[in-house]
Amino acid sequence: MVLVDVSIVSAEFTGTITDSKMAEFTKRQIVKELILEVKNITKEVNSPEGALTIVKDVNLSIESGELVSLVGPSGSGKTTLLAIMAGLDLPSTGSVSLLGSEITLLDEDQRAQIRGLDVGFVFQSFHLMPKLSALDNVMLPLEISGIDDAQSKAEEALLSVGLEKRVHHFPTQLSGGEKQRVAIARAMVNKPKILFADEPTGNLDTKSSSAITDLLFSVNDLLETTLVLVTHDLALAEKCSKVYELSEGELL
Ligand SMILES: Nc1ncnc2c1ncn2[C@@H]1O[C@H](COP(=O)(O)OP(=O)(O)OP(=O)(O)O)[C@@H](O)[C@H]1O
Ligand SMILES: [Mg+2]
């Protein structure tokens, strides 16, 4: 085993560690890239009461590997902001740079391509295709992106969320926690660089919630996937490295 003197790499860290620890240290501490940059985002919509500004002049940035939570009362704009950050929706003004692409300048097809390759989503209400088995649900994004070995990759993803015995079940034959695990397997199967989760435990009981939270945190920890998590659970938010709070569309 090769021993490396880390002091030559970073003045902050001195000592001698193994080469594998060195690789991990380099990955985690030195190579941090800006993965998401939101500048002066505003979202206006038409409502029966007239024009409404539901996101107001939001600025934030997220680095690779970060674990970020977004909190705020119901109606404060969390889902709207998450959808804009993920390229699912466009702001009225402002810019979003996601994984180095200025997604606010791209058309829907170009944004879909970035989402398909590098972005995962998990929703509160699971959003599984009801007529597809767990396996087919997880295979879907691979098939859409034209990736080889879709079945074995989907089986591996289901195994990693502990659902190897539920592969051929349909969504109606799964519990809430199991459905969310299928949704996480589907979100992770492309090994995205960033995962957006909108109240992923909102429809689950306490036990399933903590299993799903552990799973999401382990995805962030082991795969170093950047995680942006909308939650009402302040205890959960506080476990994140960064907490953004929204109130009436504005970041506090
Ligand atoms: N297309 C739309 N047209 C009009 N109003 C909208 C539209 N989309 C969202 N809103 C309003 O914008 C506000 C923010 O909605 P959003 O769904 O982002 O809130 P949220 O913080 O995710 O709330 P919750 O915690 O209840 O999910 C709400 O008051 C909502 O009614
Ligand atoms: Mg919401």
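Only a predicted model underlies this, so the values are computations on that prediction, with no experimental measurement involved.

**Quick look at the overall build of the protein chain**
Right, on to step 1. Of the regular secondary structure elements, the protein chain holds 8 helices and 12 strands.
Right, on to step 2. Expressed as a percentage of its 252 residues, the buried residues of the protein chain come to 37%.

**Notes on the environment of L36**
Right, on to step 1. Positionally, L36 belongs in strand β3 (residues 34-47).
Right, on to step 2. As for L36 and I62, which are separated by 26 residues in sequence, their C-alpha atoms are 5.1 Å apart.
Right, on to step 3. The contact partners of L36, leaving out residues within four places of it in the chain, are S61, I62, M85, L98 and I194.

**Some points on the sheet that holds strand β6 (residues 93-98)**
Right, on to step 1. Strand order in the open sheet formed by 4 strands is β4-β3-β6-β7, and the pairing between neighbours is antiparallel. Whereas interior strands pair on both sides, the edge strands pair on one side only; in this sheet they are β4 (50-63) and β7 (101-102).
Right, on to step 2. Here β3 pairs with β4 via 10 bridges, running antiparallel. Among the inter-strand pairings, E44 is bridged to a residue of β4, identified as T53.

**Some points on helix α5 (residues 150-160)**
Right, on to step 1. Taken as a whole, α5 has its buried residues at A150, A154, A157 and L158. Down the axis, α5 shows its buried residues gathered within 100° of arc, on one side only.
Right, on to step 2. Where the residues of α5 are buried, they touch α4 (134-144) and α6 (176-188).
Right, on to step 3. Among the residues trailing α5, G162 stands out with phi positive, at a value near 80°.

**Remarks on the site of ligand 1**
Right, on to step 1. Taken together, V45, S47, L52, I54, G72, S74, G75, S76, G77, K78, T79 and T80 are the residues near ligand 1.
Right, on to step 2. Mapped by element, the contributors of at least two residues to the shell around ligand 1 are β3, β4 and α2 (78-85).
Right, on to step 3. Ranked by the residues each element gives to the shell around ligand 1, the list is headed by α2, at 3 residues.
Right, on to step 4. When its residues are assigned to classes, the shell around ligand 1 shows 3 nonpolar, 8 polar and 1 charged.

**Considerations on the packing of α4 against α5**
Right, on to step 1. Where α4 meets α5, the closest approach of the two axes is 9 Å, and the angle between their N-to-C directions is 125°. Relative to α5, α4 is oriented oblique. Of the two possible hands of crossing, α4 and α5 adopt the one that is right-handed. Here A134, L135, V138, M139, L142 and E143 of α4 come into contact with α5, specifically with A150, Q151, K153, A154, E155, A157 and L158.
Right, on to step 2. Grouping the constituent residues of the contact of α4 with α5 by class yields 9 nonpolar, 1 polar and 3 charged.

**Digging into the pairing of strand β10 (residues 226-230)**
Each regular strand shows side chains that alternate between the opposite faces of the sheet.
Right, on to step 1. Burial within β10 is extensive, with 5 of its 5 residues counted as buried.
Right, on to step 2. In β10, alternate side chains face the same way, and those of T226, V228 and V230 on one face and L227 and L229 on the other are all buried.
Right, on to step 3. Sheet topology places strand β5 (residues 67-71) next to β10; 4 bridges connect them, and they run parallel. Bridged to L70 within β10 is V230.
Right, on to step 4. In the sheet, strand β9 (residues 194-198) pairs with β10 via 5 bridges, with the strands oriented parallel. In the sheet register, D198 faces β10, and the bridge partner there is V230.
Right, on to step 5. Tracing the backbone out of β9, into helix α7 (residues 206-223) and back to the parallel element β10 gives a crossover that is right-handed.

Conventions and cut-offs
- Residues numbered from 1 in each chain as written.
- Chains lettered and ligands numbered in written order.
- Predicted model: local features only at pLDDT ≥ 70, side-chain atom pairs only at ≥ 80, totals over all residues.
- Helix = DSSP H or I, 4+ residues; strand = E, 2+ residues; numbered from the N terminus.
- Buried ≥ 20, exposed ≤ 12 C-beta atoms within 10 Å, placed from the backbone.
- Contact = placed C-beta atoms within 7 Å.
- Pairing = 2+ DSSP bridges.
- Arc of directions from axis to C-beta.
- Near = placed C-beta within 6 Å.
- Nonpolar A, V, L, I, M, F, W, Y, C, P; charged D, E, K, R; others polar.
- Axes fitted to C-alpha atoms, helices over the stretch in contact; angles between N-to-C directions.
- Parallel < 35°, antiparallel > 145°, perpendicular 65-115°, else oblique.
- Left-handed = near helix turned anticlockwise from the far one by under 90°.
- Right-handed = clockwise from strand over helix to strand, strands pointing away.

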